[in-house]
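# Descriptive structure summary
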Amino acid sequence: MKIEFTKEWCMKMATLEGDATIVAGARAKTLLPHQEPSAAQTPPGALGKLVQLMRRDRHLSIAVLAEKADVELSDLQGIEHNPLHKAEPRTIYQLADFFGMPKKKLLQLSGLTAANDSHLVSEALRFAASSDPSAELSHDERAALQAFIAVLLEKK
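Residues numbered from 1 in each chain as written. Predicted model: local features only at pLDDT ≥ 70, side-chain atom pairs only at ≥ 80, totals over all residues. Heavy atoms only, no water.

### Considering the packing of helix H3 (residues 46-57) against helix H9 (residues 139-153)
Put simply, H3 and H9 touch, their axes get as near as 11 Å, and they point 115° apart. H9 is crossed by H3, and the crossing has left-handed handedness. Across the interface between the two elements, Leu-50, Leu-53, Met-54, Arg-56 and Asp-57 of H3 pack against Glu-141, Arg-142, Leu-145, Phe-148, Ile-149 and Leu-152 of H9. (Axes fitted to C-alpha atoms, helices over the stretch in contact; angles between N-to-C directions. Helix = DSSP H or I, 4+ residues; strand = E, 2+ residues; numbered from the N terminus. Left-handed = near helix turned anticlockwise from the far one by under 90°. Contact = heavy atoms within 4.5 Å.)

### So, the nonpolar core
Ranked by internal contacts, the top residues of the largest apolar core, which has 33 residues, are Leu-50 and Leu-109. Of all the elements in the fold, those that place two or more residues in this core are H3, helix H4 (62-69), helix H5 (73-81), helix H6 (89-99), helix H7 (103-110), helix H8 (118-128) and H9. With residues up to four places along the chain from it excluded, the contact list for Leu-50 reads Leu-106, Leu-109, Phe-127, Leu-145, Phe-148, Ile-149 and Leu-152. (Core = buried A, V, L, I, M, F, W, Y, C linked by side-chain atoms within 4.5 Å. Buried < 20%, exposed > 50% of the residue type's maximum accessible area, 1.4 Å probe, protein only.)

### With respect to the pattern of salt bridges
Taken as a whole and judged by the stated rule, the model has six salt bridges. Between Arg-90 and Asp-70 there is a salt bridge, and its shortest N-O distance comes to 2.8 Å. Taken as a pair, Arg-90 in helix H6 and Asp-70 in the loop between H4 and H5 lie far apart in primary sequence, 20 residues in all. Residue Asp-97 pairs with Lys-103 through a salt bridge whose shortest N-O separation is 2.5 Å. Accessibility expressed as a relative area gives 48% for Asp-97, which makes it partly exposed. On the accessibility criterion, Lys-103 (32% relative accessible area) is partly exposed. (Salt bridge = Lys/Arg side-chain N within 4 Å of Asp/Glu carboxyl O.)

### Topic: the packing of aromatic side chains
Following the criterion strictly, the structure yields two aromatic pairs and no others. When the ring of Phe-98 is compared with that of Phe-99, the centres are 5.1 Å apart and the planes differ by 80°; the resulting orientation is edge-to-face. What makes Phe-98 partly exposed here is its relative accessible area of 28%. On the basis of relative accessible area, Phe-99 is assigned to the buried category, the value being 8%. Aromatic pair Phe-127 and Phe-148: ring centres 4.6 Å apart, planes at 10°, arrangement stacked. (Phe/Tyr/Trp six-rings, centres within 6.5 Å; stacked < 30°, edge-to-face > 60°.)

### Quick notes on a nonpolar patch on the surface
A cluster of nonpolar side chains, namely Ile-3, Phe-5 and Trp-9, defines an oily patch on the protein surface of about 360 Å² accessible area. Relative to the elements of secondary structure, Trp-9 occurs in helix H1 (residues 7-16). What makes Trp-9 partly exposed here is its relative accessible area of 40%. (Patch = residues over 30% accessible without salt bridge, like charges linked within 9 Å, V, L, I, M, F, W, Y side chains within 5 Å. Areas by Shrake-Rupley, 256 points an atom, 1.4 Å probe, with all protein chains shown as cover.)

### A closer look at H7
Among the eight residues in H7, six count as buried, and that is most of the element. Inspection of H7 places Lys-105, Leu-106, Leu-107, Gln-108, Leu-109 and Ser-110 among the buried residues, and these make up the whole buried set. Elements in contact with the buried residues of H7: H3, H6, H8 and H9. Following H7 by one or two positions, Gly-111 has its phi on the positive side, about 85°.

Written out as structure tokens, the structure is:
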């Protein structure tokens, strides 16, 4: 059985929706009105700031990091430049391997899994607000990066 929808029927149904925003699929979450993060969510941008500072600390361009970590350049740019970007799980795993970081904590930072560590959440918030994207890491940026890496490497 084949179901066919006429243009007229689609237009009639669309008018019934009024001013409502209709979204579907993977993009739906990013198009919905902003919701305040719960206490179990890491702040948007913490992962991007971490990746950016670790990349800069190693004097790598985004393109070189993408190649060395074997990740999509567009996903890496999204992570670094768009706090609401949802990275692919594979990208998080590859970056964790490249930087020698725990996968579980990077997945929490990315928002792909729930952050169940309040210490990680509070340190991620502090870290995300701590630096400027200049060419060379400042002393304060390097100190913040090292302190946050220590939190990520903590065994619990």
